[in-house]
Amino acid sequence: MEIKFHRCPLKEAWQAMGRSDDDLELLCKAGGAIDGGLFKAAGFVFKGETWRPGEEGCCKLVVEPGPAA
């Protein structure tokens, strides 16, 4: 399953706080690591792609069946 987010309340809040693009990229990676841990704990393979400067929208979540599937 792939989900491309067009907006993110976390990213928007960080932008409103005046965070730089470099900070946003790092914060999005941290959020993505949390997502990855949650999906892995649920038995899935997570291959999310977090936002990077110059990209439109936000992250893309890629979730695949885990080894037990």
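Our subject in this report is the structure included herewith. Residue positions are counted from 1 within each chain, in the order its sequence is given. In keeping with the predicted nature of the model, local features appear solely for residues at pLDDT of at least 70, side-chain atom pairs appear and are counted solely at 80 or more, and the whole-chain, interface and lining totals rest on all residues. To obtain the side-chain values, all non-hydrogen atoms of the structure were included, while hydrogens and water were left out.

**Details of the pattern of salt bridges**
Salt bridge, as used here, is a side-chain nitrogen of Lys or Arg placed within 4 Å of a carboxyl oxygen of Asp or Glu. Applying the stated rule across the entire model yields 6 salt bridges. As a salt-bridge pair, Arg-7 and Glu-12 come within 2.7 Å of each other at their nearest N and O atoms. On the basis of relative accessible area, Arg-7 is assigned to the exposed category, the value being 58%. Note on classification: 1.4 Å probe, protein chains only; a residue is buried when its accessible area is under 20% of the maximum for its type, exposed when over 50%, partly exposed between these limits. When its relative accessible area of 31% is taken as the criterion, Glu-12 is described as partly exposed. Put simply, Glu-49 and Lys-60 hold a salt bridge, and the shortest N to O gap is 3.8 Å. One end of the pair, Glu-49, is in the loop between strand 2 (44-46) and strand 3 (60-65); the other, Lys-60, is in strand 3, and 11 residues separate them in sequence. You can call Lys-60 partly exposed: its relative accessible area is 22%. Under the DSSP-based scheme used, a helix requires at least four consecutive residues in state H or I and a strand at least two consecutive residues in state E, with every element numbered from the N terminus.

**Observations regarding the packing of aromatic side chains**
Here a Phe, Tyr or Trp ring, Trp counted by its six-membered ring, pairs with any other such ring whose centre lies within 6.5 Å, and the pair is stacked when the planes are under 30 degrees apart, edge-to-face when over 60, and tilted otherwise. Inspection of the entire model under this criterion finds 2 aromatic pairs. Judged by centre distance (6.5 Å) and plane angle (80°), the rings of Phe-39 and Phe-44 are edge-to-face. By relative accessible area, which is 24% here, Phe-39 ends up partly exposed. A relative accessible area of 38% places Phe-44 in the partly exposed class. Judged by centre distance (5.4 Å) and plane angle (5°), the rings of Phe-39 and Phe-46 are stacked. These aromatic residues form a ring-pair network of at least three members: Phe-39, Phe-44 and Phe-46.

**Concerning helix 2 (residues 21-41)**
Take the number of residues in a helix, subtract one, and multiply by 1.5 Å to get its expected span. Across its 21 residues, helix 2 extends 30 Å between first and last C-alpha, which sits within 8% of the 30 Å expected from 1.5 Å per residue. Inspection of helix 2 places Leu-24, Glu-25, Cys-28, Gly-32 and Gly-36 among the buried residues, and these make up the whole buried set. The buried residues of helix 2 occupy an angular sector of 115° when projected down its axis, which confines them to one face. Residues of helix 2 that are exposed and angled more than 90 degrees away from the buried face: Leu-26, Ala-33, Ile-34, Leu-38 and Ala-41. Every residue pair with non-hydrogen atoms within 4.5 Å of one another is taken to be in contact. In this fold, the buried residues of helix 2 make contact with helix 1 (9-16) and strand 2. In this description, the arc belongs to the directions extending from the helix axis to the C-beta atoms.

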